[in-house]
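Residue strings, one per chain:
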Amino acid sequence: MPENYIYAEELFKIYKTDELEVVALRGLDLQVAKGEMMAIVGASGSGKSTFLNILAGLDTPSAGQITVGKRDLLRMKDEDLVDYRRREVGFIWQQTGRNLIPYLTALQNIEAPMILEGVKRRIAKARAQELLTAVGLSDKARRRPNELSGGEQQRVAIGVALANQPPLLLADEPTGELDSATADEVFRVLREINRSTQVTVVIVTHDREITSRVDRVVAMRDGKASTELVRDAESSDVNELAVVDRSGRLQIPREYLDEANIQRRARIDLTDGKVTIKGE
Ligand code: ADP
Ligand code: MG
């Protein structure tokens, strides 16, 4: 097993507003290996964006553990967070308009983060051209965002996110506004870049087709990882496996609870290494 690069254990995020508390993450356990490309799926409100924003250093968790590389995201000071956001992560938003500066060309958009970091113009330009080629848009360097399709804008956004070579790339529903053929093109580009550069990629998506494009898919429910969709290498069938956390807790999907009529208590039997769970 490669070492864990992202390590979250018993992670909680509670949003407090005047009259109520929302528990957006309730004991999330999730590990991601260096160089892995994985996706998080789940119904709206299950905590996906909350987790991604914490990974991006845009929000801070309430309790638990989370480390990215050597950095402890629970204990980082504000100035360390700024440094973390600049060096460690690239981020792609769902809204294409949020990723790019409208009055700059595709090439200039990719150059911009490097120039802000003090990279020399000539070097920034050469690297921006390389990135445009990597996302398949070398012929559209001089176009502005409004002269590019939604999928092309998201591919430029991948270039912008990778400009300063962050080891981690995060994308929150990057294809949410695209049709499925265009979405697939964006996922394909992400996959190629993941393979060629070993950047670790975490994508939040609604798109179940993603299983064929990533190493692993984790389904979140109610602020926790509930199941993993794992693709069988030989048959390419997708299996849905329940996730057991470090203390041995297992989330049983709702449909099983209903079907087996399990309500408040369950009997667990172990025979010949097989566990059976029955309602009582
Ligand atoms: P997802 O991305 O899976 O749709 P989110 O992480 O956005 O889910 O939200 C998880 C829960 O946290 C939801 O109930 C949402 O309303 C709540 N939430 C998210 N952000 C905030 C916030 N800034 N203040 C209060 N509640 C929030
Ligand atoms: Mg979301």
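Up top is the structure these notes are about.
### A short note on the sheet that holds strand 2 (residues 21-33)
No. 1: The strand order across the open sheet formed by four strands is 2-1-4-5, and the pairing between neighbours is antiparallel. Every other strand in the sheet has two partners, leaving strand 2 and strand 5 (71-72) as the edge strands with one partner each.
No. 2: Of the strand pairs in this sheet, strand 1 (residues 4-16) and strand 4 (residues 63-68) are connected by five bridges, and their pairing is antiparallel. Bridging across to strand 4, I6 finds its partner in V68.
No. 3: Packing against the sheet, helix 1 (residues 48-55) makes contact with strand 1, strand 2 and strand 4, and its axis sits at approximately 120 degrees to strand 1.

### Points about the site of ligand 1
No. 1: Taken together, Y15, V22, A24, A43, S44, G45, S46, G47, K48, S49 and T50 make up the full set of residues adjacent to ligand 1.
No. 2: The contact in question runs from an oxygen atom of ligand 1 to an N or O atom on the side chain of S49, over 2.9 Å.
No. 3: Contact with the protein chains hides 62% of the accessible area of ligand 1, taken as 560 Å² for the molecule alone.
No. 4: Residue contributions to the shell around ligand 1 peak at three residues, all from helix 1.
No. 5: A class-by-class count of the residues in the shell around ligand 1 yields four nonpolar, six polar and one charged.

### With respect to the environment of W93
No. 1: With respect to the element layout, W93 can be found in the loop between strand 6 (89-92) and helix 3 (96-99).
No. 2: C-alpha separation for the pair W93 and V202, spaced 109 residues apart in sequence, amounts to 12 Å.
No. 3: Ignoring sequence-local partners within four residues, the contact set of W93 consists of N53, L58, R98, N99, Q154, D172 and P174.

### Details of the sheet that holds strand 9 (residues 216-221)
No. 1: Within the open sheet, the seven strands sit side by side as 6-7-8-3-9-10-11. Their pairing is mixed. Looking along the sheet, the strands with just one partner apiece sit at the ends: strand 6 and strand 11 (238-242). With direction set aside, neighbouring strand axes in the sheet form an average angle of 20 degrees.
No. 2: Contacting strand 3 (37-41), strand 7 (168-172) and strand 8 (200-204), helix 7 (residues 180-197) crosses the sheet at an angle of about 140 degrees to strand 3.

### Quick notes on unusual backbone geometry
Negative phi characterises most residues that are not glycine, and trans characterises most peptide bonds.
No. 1: Not every positive phi belongs to a glycine, and Q165 is a case in point at roughly 55 degrees.
No. 2: Among the structural elements, Q165 can be located in the loop between helix 6 (150-162) and strand 7.
No. 3: Even without being glycine, E173 reaches a positive phi, approximately 50 degrees.
No. 4: You can see E173 is positioned in the loop between strand 7 and helix 7.
No. 5: Owing to a relative accessible area of 13%, E173 belongs among the buried residues under this scheme.

### Here we look at a nonpolar patch on the surface
No. 1: Residues Y15, L20 and V22 make up a contiguous nonpolar surface patch of roughly 250 Å² in combined accessible area.
No. 2: For L20, the location among the structural elements is in the loop between strand 1 and strand 2.
No. 3: The exposure class assigned to L20 is partly exposed, which follows from its relative accessible area of 47%.

### Looking at the layout of surface pockets
No. 1: Quantified by volume, the largest pocket comes out at close to 610 Å³.
No. 2: Around the largest pocket, the lining comprises 23 residues; the ones closest to its centre are V89, F91, P113, V160 and A161.
No. 3: Taken together, the elements giving at least two residues each to the lining of the largest pocket come down to helix 2 (78-87), strand 6, helix 3, helix 4 (106-116) and helix 6.
No. 4: With four residues, helix 4 is the single largest residue contributor to the lining of the largest pocket.
No. 5: Within the lining of the largest pocket, the residues separate by chemical class into 15 nonpolar, four polar and four charged.

### Some details on the packing of helix 4 against helix 5 (residues 121-134)
No. 1: Relative orientation of the contacting elements helix 4 and helix 5 amounts to 130 degrees, with a least axis distance of 9 Å. Judged by the inter-axis angle, helix 4 sits oblique to helix 5. When the axes of helix 4 and helix 5 are compared, the crossing they make is right-handed. Contact residues: helix 4 offers A106, L107, I110, E111, M114 and I115, while helix 5 offers R121, A124, K125, R127, A128, Q129, L131 and L132.

### A few points about the side chain of T175
No. 1: When you line up the elements, T175 lands in the loop between strand 7 and helix 7.
No. 2: Among residues more than four places away in sequence, those in contact with T175 are A183, V186, F187 and T205.

### Quick look at the environment of S49
No. 1: Mapped onto the secondary structure, S49 falls in helix 1.
No. 2: For S49, a relative accessible area of 32% corresponds to the partly exposed category.
No. 3: For the pair formed by S49 and N4, sequence separation is 45 residues and the distance between their alpha carbons is 21 Å.

The rules behind these values
- Residues numbered from 1 in each chain as written.
- Chains lettered and ligands numbered in written order.
- Predicted model: local features only at pLDDT ≥ 70, side-chain atom pairs only at ≥ 80, totals over all residues.
- Heavy atoms only, no water.
- Pairing = 2+ DSSP bridges.
- Helix = DSSP H or I, 4+ residues; strand = E, 2+ residues; numbered from the N terminus.
- Contact = heavy atoms within 4.5 Å.
- Axes fitted to C-alpha atoms, helices over the stretch in contact; angles between N-to-C directions.
- Near = heavy atom within 4 Å.
- Polar contact = N/O pair within 3.5 Å; in protein donor to acceptor, adjacent residues only side chain to side chain.
- Areas by Shrake-Rupley, 256 points an atom, 1.4 Å probe, with all protein chains shown as cover.
- Nonpolar A, V, L, I, M, F, W, Y, C, P; charged D, E, K, R; others polar.
- Buried < 20%, exposed > 50% of the residue type's maximum accessible area, 1.4 Å probe, protein only.
- Patch = residues over 30% accessible without salt bridge, like charges linked within 9 Å, V, L, I, M, F, W, Y side chains within 5 Å.
- Salt bridge = Lys/Arg side-chain N within 4 Å of Asp/Glu carboxyl O.
- 1 Å grid on protein atoms, 1.4 Å probe; cavity = no way out; pocket = protein on both sides within 12 Å on 5 of 7 lines; lining within 4 Å.
- Points joined across faces, edges and corners; volume = space filled by probe spheres on them.
- Parallel < 35°, antiparallel > 145°, perpendicular 65-115°, else oblique.
- Left-handed = near helix turned anticlockwise from the far one by under 90°.

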